[in-house]
Amino acid sequence: AQSVTQLDSHVSVSEGTPVLLRCNYSSSYSPSLFWYVQHPNKGLQLLLKYTSAATLVKGINGFEAEFKKSETSFHLTKPSAHMSDAAEYFCVVSVENTGGFKTIFGAGTRLFVKA
Amino acid sequence: GAVVSQHPSRVICKSGTSVKIECRSLDFQATTMFWYRQFPKQSLMLMATSNEGSKATYEQGVEKDKFLINHASLTLSTLTVTSAHPEDSSFYICSARDVASGDTDTQYFGPGTRLTVL
């Protein structure tokens, strides 16, 4: 079975300071891991994706995430927050096997950026 | 990159009427599309998987007769909310995979449709 836990429902940072959004997962199979961002009343935009290549994945808008198998974590980071980063962030696990294609969404983390 | 569109972006309807929402893959063909529902301040909930040329696969607890899905072509899936009621008010989002590109597990999401039933 697969599951995704986003450890913080809300994160608040000041503009220019680092961002850390935490995600832990569990999967019986080799999963693909994603981070998506959702701005209010918008669809989801892909930030980055991990498959099985490099454990440090670079995404758009300066975001990156590190896959740590031993910790079953896939935390999202950004060195310096910008006001436009304020949004909802979803950690997602996808698995495709004989049972079909399954996607599990985390509950989401709301990022607030203070001026 | 792969682009998915939805129409309309917002719709307001009276209770008892039916509403159709379109999901299109603009620059790729999608044999499979997914329909999600999102309540305020919550995550996405998968409603059904739309399969081109065959019946949709619904998740447990989703009424097939209430949420009709048609995937008539490789670029278009429609979700019809029949006899809508206020409790059907929600944000509906579709997604698709560009399997032909070789990236079989990345979903590309539409911008969503805000349905309000009065």
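Residues numbered from 1 in each chain as written. Chains lettered and ligands numbered in written order. Predicted model: local features only at pLDDT ≥ 70, side-chain atom pairs only at ≥ 80, totals over all residues. Heavy atoms only, no water.

Caption draft 1: Highlighting the sheet that holds strand 3 (residues 19–25) of chain B. All names here are of chain B. Taken in spatial order, the four strands line up as 1-3-8-7 in an open sheet, and their pairing is antiparallel. Unpaired on one side and paired on the other, strand 1 (4–7) and strand 7 (67–73) mark the two borders of the sheet. Within the sheet, the average angular offset between the axes of one strand and its neighbour, ignoring direction, is 20 degrees. (Pairing = 2+ DSSP bridges. Helix = DSSP H or I, 4+ residues; strand = E, 2+ residues; numbered from the N terminus. Axes fitted to C-alpha atoms, helices over the stretch in contact; angles between N-to-C directions.)

Caption draft 2: Focus on the interface of chain A and chain B. With 18 residues of chain A at the contact, the number on the chain B side is 19 residues. Roughly 1500 Å² of surface becomes buried between chain A and chain B when both sides are summed, with 50% attributable to carbon and sulfur atoms. At the junction of chain A with chain B, the criterion picks out two salt bridges. In this structure, the salt-bridge partner of Lys49(A) is Asp103(B), at a minimum N-O distance of 2.3 Å. Counting every contact that joins chain A to chain B gives 10 residue pairs in polar contact (both at pLDDT 80 or more). Secondary-structure elements contributing two or more residues to the side of chain A that touches chain B are strand 5 (32–38), strand 6 (44–50), strand 10 (87–97) and strand 11 (100–105) of chain A. Here the element with the most residues in the side of chain A that touches chain B is strand 5 of chain A; it accounts for four residues. Split by residue class, the side of chain A that touches chain B holds eight nonpolar, seven polar and three charged. (Contact = heavy atoms within 4.5 Å. Buried area = accessible area lost by both parts, 1.4 Å probe. Salt bridge = Lys/Arg side-chain N within 4 Å of Asp/Glu carboxyl O. Polar contact = N/O pair within 3.5 Å; in protein donor to acceptor, adjacent residues only side chain to side chain. Nonpolar A, V, L, I, M, F, W, Y, C, P; charged D, E, K, R; others polar.)

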